[in-house]
Amino acid sequence: MTTVERRRALARLLRPFDVGHELIRVGDFGDGGYLVPDDLSKIRACFSPGVSKQASFEMDLAKRGIQSFMADASVDGPAEDVPGAVFRKQHVGPRTERGLISLKDWIDDCVPGEGELLLQMDIEAAEYPVFSSLPPQYLARFRIIVIELHRIPSILMKPKFFDRAKPLLDAIGASFTSVHRALVRPATQSRDPR
């Protein structure tokens, strides 16, 4: 079992705090829509690995003038035609190889240089290794990270899975503050997490 100290550290990391910005909904209610700080001005682009059956988050960002870069090898493209969005039929991984692209290389390809970014990631537990190779200066470009963390019970109960998740937890814990945590019912039933 994961140690009590590690479980407490995870709880502290995930506990929401007020950061001085009202939370606004970007995207539809339910899966694919998120509450984010109303601090989107001057964000240059959104990186959105994990493409769903809808793209309401990216559509709302497009209405605010924020371009989205989307990636997912399991689909042929986003379900909606998002103005200005660029889709890549690849999974995001810890390094670029055989059908994978690293987050670093993806950023370098699409938005090199400077400028603040937004990351919206829902890649079914593949989020953990992605952060194991992301240089700190790339992480620092993200003003906001919206991430669905998967397998939290495994992190809490299995030391090997905690070790696998540790690079992500360390990266976001050192530079970011949690502002919202959603709770959903199992299976298809869900409630608005506001």
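The next subject is the packing of aromatic side chains. To describe a pair of aromatic rings, you give the distance between the ring centres and the angle between the ring planes. Within the structure shown, the criterion is met by 4 aromatic pairs. Taking the centre distance of 4.9 Å and the plane angle of 85 degrees together, the rings of F47 and W106 count as edge-to-face. Of this pair, F47 sits in strand β3 (residues 43-49) while W106 sits in helix α3 (residues 103-110), and the two are 59 residues apart along the sequence. Judged by relative accessible area, F47 falls into the buried class, the value being 0%. Relative accessible area serves as the criterion here: at 1%, W106 is assigned to the buried category. Arranged with centres 5.6 Å apart and planes meeting at 80 degrees, the rings of Y128 and F161 form a pair that is edge-to-face. Of this pair, Y128 sits in helix α4 (residues 127-130) while F161 is found in helix α7 (residues 159-175), placing the two residues 33 residues apart along the sequence. For Y128, a relative accessible area of 0% corresponds to the buried category.

For F131, the location among the structural elements is in the loop between α4 and α5 (136-139). In contact with F131, other than residues within four places in its own chain, are L119, M121, L139, I147, P167, L168, A171 and I172.

Chain-level statistics for the protein chain give a pLDDT mean of 85 and a share of 92% at 70 or above. Below pLDDT 50 for its whole length, residues 182-194 participates in 13 contacts with residues either more than four positions away or in separate chains.

The subject of this paragraph is the pattern of salt bridges. Considering all chains together, one arrives at 10 salt bridges under this definition. A salt bridge links D76 to K89; the nearest nitrogen and oxygen atoms lie 3.1 Å apart. Note that D76 is positioned in the loop between β4 (67-71) and β5 (86-88) and K89 in the loop between β5 and β6 (91-93), a separation of 13 residues in sequence. Looking at K89, the relative accessible area reads 45%, which means it is partly exposed. A salt bridge links D108 to K104, with the shortest nitrogen-to-oxygen separation between them at 3.1 Å. One end of the pair, D108, and the other, K104, are both in helix α3, 4 residues apart, so they sit about a helical turn from each other. It is possible to trace a salt-bridge network through shared partners that takes in D39, E116 and R143.

Parameters and conventions
- Residues numbered from 1 in each chain as written.
- Predicted model: local features only at pLDDT ≥ 70, side-chain atom pairs only at ≥ 80, totals over all residues.
- Heavy atoms only, no water.
- Phe/Tyr/Trp six-rings, centres within 6.5 Å; stacked < 30°, edge-to-face > 60°.
- Helix = DSSP H or I, 4+ residues; strand = E, 2+ residues; numbered from the N terminus.
- Buried < 20%, exposed > 50% of the residue type's maximum accessible area, 1.4 Å probe, protein only.
- Contact = heavy atoms within 4.5 Å.
- pLDDT = per-residue confidence, 0-100.
- Salt bridge = Lys/Arg side-chain N within 4 Å of Asp/Glu carboxyl O.

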